[in-house]
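Per-entry structural report
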Amino acid sequence: MMNKTGTLNSKPHAKGPVSFVVVFYETEDKKNPIADFLDSLNPKMSAKIIGLMELLEEKGTALREPYSAPLGDGLFELRCKVGSDITRTLYFFYYGGKIVFTNGFVKKTQKTPKGEIKLAKERREDWIRRHNNDASICKR
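One structure accompanies this document, and this report is about it. (Residues numbered from 1 in each chain as written. Predicted model: local features only at pLDDT ≥ 70, side-chain atom pairs only at ≥ 80, totals over all residues. Heavy atoms only, no water.)

Some details on the pairing of strand β4 (residues 75-82)
As paired strands, strand β3 (residues 68-72) and β4 are joined by four bridges and run antiparallel to one another. Its bridge partner lying in β4, Gly72 is registered against Leu75. The antiparallel pairing of β3 with β4 creates a hairpin that spans two residues between the two strands, and Asp73 there sits at a positive phi of about 55°. Here seven bridges tie β4 to strand β5 (residues 85-94), and the two strands are oriented antiparallel to one another. Of the residues in β5, the one forming a bridge with Val82 is Asp85. Hairpin connection, β4 to β5: the antiparallel pair is bridged by two residues, and Gly83 has positive phi, about 65°. (Pairing = 2+ DSSP bridges. Helix = DSSP H or I, 4+ residues; strand = E, 2+ residues; numbered from the N terminus.)

Geometry only, nothing functional implied.
In structure tokens form, the structure reads like this:
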């Protein structure tokens, strides 16, 4: 389960020489949009997304469809469906095995909205700027 620091309460998972750990993007004023998104969902959907995040920690860059899909430019979406409800959470891989989740949304259209992708890119750039000492992203 998620803790108050925006990470999952699990140990990093090893896939070969790299261990992966999920991290939630935080704004400079310590707001956590991913935690807020998860809190806004019904409990079943939230629990399923967290379970998929744990699977992503375990599999890392090897996780593929139907759970994860590339969006281009180093961004990915974690895909979740409960009944007829569909959500997506966007993320990128960062140096040191970090998987940084930037934003999430309830899917209502066939394609991922451009505004959500733009927001993920902006947050990724902000993350890299503030964590410049290890500024590499992995583009699976």
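Okay, back to it.
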